[in-house]
Amino acid sequence: MERELRDCYNQFSEPTGETYYKGDKLPEGRYPMQVIVSIQNSKGEFLMQKRVPRKGGNWGVTGGHPKSGETPIQGAITEVKEELGLDITADELTVFNEGFDGQVCYKMYYLNLDFDVETLDIQKEELTEARWFSVQTLQDMVDSKELEPNQISCFVKCLKFLENRDK
């Protein structure tokens, strides 16, 4: 399998023009970009996908790392296509949070889209299933520690974005 080439970023989420291969150690002061897509339907439910056991087997949102030459938004579009089989455009995505956490640069996108999860073409090498969850069910998952801290953080940031957007 060909190793995936990715772009390096500085702590300000700016591409440096340097590249690295997935799995390699990055030079000092260089960081990967992570893109995250929170998908919500018109019922207010959020899409969560369950990773395969070798990837931790946990529930999470759609996301990954842009390939070399992709902008973060292009990477988000690619991840949605690869993981879920959905074709989306940049116009459908809204950045709701971005930054640098000391290890990774990240951009979080919001997507409002209705579809039947049974028709998804999920990436079997990465995922076992995808399902819609109500905000209350996600809150219950937070309380019972079924979600990883980074997923909780994404969920909280998305809810704050939606609350401020709807004011």
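Look above for the structure.
Cut-offs used in this document
- Residues numbered from 1 in each chain as written.
- Predicted model: local features only at pLDDT ≥ 70, side-chain atom pairs only at ≥ 80, totals over all residues.
- Heavy atoms only, no water.
- Phe/Tyr/Trp six-rings, centres within 6.5 Å; stacked < 30°, edge-to-face > 60°.
- Helix = DSSP H or I, 4+ residues; strand = E, 2+ residues; numbered from the N terminus.
- Buried < 20%, exposed > 50% of the residue type's maximum accessible area, 1.4 Å probe, protein only.
- Contact = heavy atoms within 4.5 Å.
- Polar contact = N/O pair within 3.5 Å; in protein donor to acceptor, adjacent residues only side chain to side chain.

Novice: It is not clear to me how the packing of aromatic side chains should be interpreted in this structure. Could you clarify?
Specialist: One pair of aromatic rings is described through two measures. These are the centre distance and the angle between the planes. In the structure shown here, the tally under the stated rule is six aromatic pairs. Seen from their ring centres, Phe115 and Trp132 are 4.9 Å apart, and the 45° between their planes marks the pair as tilted. With Phe115 in the loop between strand S8 (105-112) and strand S9 (127-133) and Trp132 in strand S9, this residue pair connects regions lying 17 residues apart in the sequence. Overall, Phe115 belongs to the buried group, its relative accessible area being 17%. Residue Trp132 is classed as buried on the basis of its relative accessible area of 16%. Grouping aromatic residues by their ring pairs yields a cluster made of Phe96, Tyr110 and Phe161.

Novice: How should I be thinking about the environment of Asp114 in this particular structure?
Specialist: Of note, Asp114 is situated in the loop between S8 and S9. For the pair Asp114 and Asp166, spaced 52 residues apart in the sequence, the C-alpha separation amounts to 19 Å. Residues contacting Asp114, with those up to four places away along its chain left out, are Asn41 and Ser42. Only 2.8 Å separates the side chain of Asp114 from the backbone nitrogen of Ser42, close enough to count as a polar contact.

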